[in-house]
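The lines below spell out each chain.
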Amino acid sequence: MTESPAPDWPEQPAPAARPDWRDTLRDAADLALLGILTTVAALPVVTAGAAVGAASAALHHWVETGSWPGARTALRGFGRTVLPGAGATAVAGVVAAVLALNLLALGRGVVPGGPVLVAVTVALAVAAGGFAGLTVVQLGRQAGQGWRRAVRGAARTTAARPATLLAAAGTVALAVLLCALVLPVLTPLLVGYTIFGLHAATRRVAGAALPTGPE
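The text that follows walks through the structure, step by step, so that each part is easy to find. (Residues numbered from 1 in each chain as written. Predicted model: local features only at pLDDT ≥ 70, side-chain atom pairs only at ≥ 80, totals over all residues. Heavy atoms only, no water.)

**So, the overall build of the chain**
A tally of helices and strands in the chain yields eight helices and zero strands. A buried classification covers 29% of the 215 residues belonging to the chain. Expressed as a percentage of contacts within the chain between residues at least 6 apart in sequence, the contacts between residues at least 24 apart total 69%. Working note: accessible area of the chain is about 13,200 Å², and carbon and sulfur atoms make up 70% of it. (Helix = DSSP H or I, 4+ residues; strand = E, 2+ residues; numbered from the N terminus. Buried < 20%, exposed > 50% of the residue type's maximum accessible area, 1.4 Å probe, protein only. Contact = heavy atoms within 4.5 Å. Areas by Shrake-Rupley, 256 points an atom, 1.4 Å probe, with all protein chains shown as cover.)

**Side note on unusual backbone geometry**
Phi at V45 is positive, roughly 75°, even though this residue is not glycine. Of note, V45 is situated in the loop between α1 (21-42) and α2 (48-65). Of the residues examined, V45 reaches a relative accessible area of 52% and is grouped as exposed. Even without a glycine there, the phi angle at A143 is positive, about 60°. With respect to the helices, strands and loops of the structure, A143 is situated in the loop between α5 (114-141) and α6 (147-160).

**Remarks on the packing of aromatic side chains**
Under the counting rule described, the total for this entry stands at two aromatic pairs. Judged by centre distance (5.0 Å) and plane angle (5°), the rings of W62 and W68 are stacked. The class of W62 is buried, set by a relative accessible area of 14%. W68 sits in the partly exposed class, given a relative accessible area of 27%. Connected via pairs of aromatic rings, a cluster forms that spans W62, W68 and F196. (Phe/Tyr/Trp six-rings, centres within 6.5 Å; stacked < 30°, edge-to-face > 60°.)

Encoded structure:
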């Protein structure tokens, strides 16, 4: 008897290896270190925009390639965006100050409106935080450069997938709540996790609606 040839079964793909606890711990430590470095770089205040942009760009690189960019590359990108980032920081500061003053005036009864306007102002503040988060994500996708283009990209993402704004706003609101009420001392650690959360939430909700290049 001749042996029949073995059936030509299609090869099954090998199951993907699951990361063990050491990989998870390493990633958590990397995100915590990213937050600490970002906080330190932002201490002069005028460098806050550049620090956040460089951190978002580094995180995007990590998500895409599985490795962090070199220190020289990160520092070069940070240095090139200090002046544009200072303008973005000033704009964000003015918006935050206006919203805070409105809440303070409404809370003290200086301005009429009561709880209804308080709720509206809080909703506007949360939405502004979410839009700022989307801008930071888009900035990271642009290697940390081009704040105006990042704002336009965030606006296009919001128009295409409005739920993305809600996801980013929820991420920012949770981070602010943890920093203010629960773990204020650990704020530098939470910065890295917040940027990661923004990238993850935006990718999951927006998907193909994320801008991939210049207009």
